[in-house]
Amino acid sequence: MGATSPLKRQSHSHSLTKKFLPYALYALLPIALFRLYFHPFPLPQSTTEQLPHNNRIILTTSSSSSSFSKGILKEEVANETTCDYTNGRWVHDKMGPLYNGTTCGIIKDGQNCILHGRPDLGYLYWRWQPSQCKLPRFDTNTFFHLLSNKHLAFVGDSMARNQLESLLCMLATASNPNLVYRDGEDNKFRRWHFTSHNITISVYWSPFLVRGVEKSKTGPDHNELFVDIVDERWGADLDHIDMIVLSIGHWFLHPAVYYEGGSVLGCHYCPGLNHTEIGFYDVMRKAVKTALKTIIEKKGANGNRIDVFLTTFSPSHFDGEWDKAGACPKTKPYKEGEKMLEGMDADMRATEVEEMGAAKVNAKQFEGIRLEILDVTKLSLMRPDGHPGPYMYPFPFANGVQERVQNDCVHWCLPGPIDTWNQILLEVVRRWSVQSRREE
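Because the structure is predicted, anything quoted here is derived from the model rather than measured.

Student: Explanation requested: the nonpolar core in the structure shown.
Tutor: Buried together is how nonpolar side chains tend to be arranged in soluble globular proteins. Ranked by internal contacts, the top residues of the largest apolar core, which has 48 residues, are F143, L147, L152, L167, L171, I201 and F309. With residues up to four places along the chain from it excluded, the contact list for L167 reads F138, F143, L152, F154, I201 and N422. Membership of the second largest hydrophobic core comes to 42 residues, among which are L246, V288, V353 and I369.

Spelled out as structure tokens, the structure:
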């Protein structure tokens, strides 16, 4: 049999192409439409209400995710970009949280929204999308590697405890935390140990960071704050703490008398007392300054290392009366530009950001002290759907809607938006680790 000539093969191939090309185009068209519908090209991000540039968390991260090999963190250094985790938007996420209210036994009863019968679960399926990059999903292996043999302490009010329990629930999906210490009513002082990586995580109740005497039924009906002395409960343990997360704010709204240098400085909402009304903003500033200064100088003087975070103010979302149904009824995040950061929320955040900036300058005289603001105010402001509301108690409407029902529109459901705070925390620590290895 003779070989087919090249010219005939070329002609035959051309005719086949011409014959089947229209069918191929018809087959590809539905696929293209399907791709565009379910995965549209990203549109430019809105720049509405961008926080001041010098107040952002700017991190250098890799576009490739970190991986582990034999316990060693490997970092892709190519294609690096700077990332601002402060500004962004909440986007729908089909993956949902790492844990739930039935798999984590650490959740405070009042924040276990799933177990308490909250019917809408859409609030679980959102993730924070920074404007410039992606925020990686929390990775327990990364955390355990970076904090191996260290003691992490959360110090502050109930928001510090809320963030701590979020972290423990995420870590518990990979390793069981052992409760090794408990003290105080309502579990205000607790400590856990992860034997697998010799990591200790503690929580210290300290709603002012400085020394304070809380109001009581047997004492004065106002708080007393000593703004120039840190709370001894956590201050005494500083030598044994490697990383500390400070979180305060809401307790400064309560009536209080303030002391400095052994004398009365003034008060906030103290009718009937012969003290000067000075409000609480400057007092909160003094408390943050005292706490950061004490940490820096005590650790620095001894040549000890410490990583310090200050979590910014977390806004509440009361739309109505706190003791009526519908106090915080929203079921979706605010869209960009729908809710502005202003008033007290903005002022509290600004105070904390400014004091952290001053502390960074102070820390330059010492080696081994790293500080960062955990700026969560805006991303938290945009999540009115993430609070327990009436589900701070189990099945509040089991017997119908009552005239009075207590609502929590301050703390966060677990799981919930507060998990994002710990995602950002881990990214800052990871960034520090990368920088340290480069400097070696």
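Student: What should I look at first to understand the layout of surface pockets in this one?
Tutor: Picture a little ball the size of a water molecule; that probe, rolled over the atoms, points out where space is still empty. Approximately 580 Å³ is the volume found for the largest pocket. Along the wall of the largest pocket there are 19 residues; nearest its centre are R305, D307, G368, R370 and S436. Sorting elements by how many residues they give to the lining of the largest pocket places helix α8 (residues 419-439) first, with five residues.

Student: Please explain α8 as it appears in this structure.
Tutor: Each α-helix turn comprises 3.6 residues. Residues three or four places apart therefore point the same way. A rise of 1.5 Å per residue sets the reference length of α8, with its 21 residues, at 30 Å; its end C-alpha atoms lie 31 Å apart and thus fit the reference within 8%. For α8, the buried fraction is high: 16 of the 21 residues fall into the buried class.

Student: I'm lost on the pairing of strand β8 (residues 178-183) in this one. Help?
Tutor: Successive side chains on a regular strand alternate, one facing one side of the sheet and the next facing the other. In the sheet, β8 pairs with strand β9 (residues 189-194) via five bridges, with the strands oriented antiparallel. Pairing of N178 across the sheet is with H193, part of β9. With antiparallel pairing between neighbouring strands as the criterion, β8 and β9 make up a hairpin whose turn holds five residues, including G184 at a positive phi of roughly 85°.

Student: Even after reading the chapter, I still don't get the sheet that holds strand β15 (residues 263-268), so can you show me in this structure?
Tutor: What the four strands build is an open sheet, ordered β11-β12-β14-β15; its pairing is mixed. For this open sheet the edge positions go to β11 (210-213) and β15, each flanked by a neighbour on one side alone. Strand after strand, the sheet turns through a mean of 25° between neighbouring axes, direction not considered. Across five bridges, the pairing between strand β14 (residues 256-260) and β15 is antiparallel. When the bridges of β15 are listed, A256 appears paired with H268. Here helix α5 (residues 281-301) sits on the sheet and contacts β11, β12 (223-230), β14 and β15; the angle it forms with β12, its principal contact strand, is near 35°.

Conventions adopted
- Residues numbered from 1 in each chain as written.
- Predicted model: local features only at pLDDT ≥ 70, side-chain atom pairs only at ≥ 80, totals over all residues.
- Heavy atoms only, no water.
- Core = buried A, V, L, I, M, F, W, Y, C linked by side-chain atoms within 4.5 Å.
- Buried < 20%, exposed > 50% of the residue type's maximum accessible area, 1.4 Å probe, protein only.
- Contact = heavy atoms within 4.5 Å.
- 1 Å grid on protein atoms, 1.4 Å probe; cavity = no way out; pocket = protein on both sides within 12 Å on 5 of 7 lines; lining within 4 Å.
- Points joined across faces, edges and corners; volume = space filled by probe spheres on them.
- Helix = DSSP H or I, 4+ residues; strand = E, 2+ residues; numbered from the N terminus.
- Expected span 1.5 Å × (residues − 1).
- Pairing = 2+ DSSP bridges.
- Axes fitted to C-alpha atoms, helices over the stretch in contact; angles between N-to-C directions.

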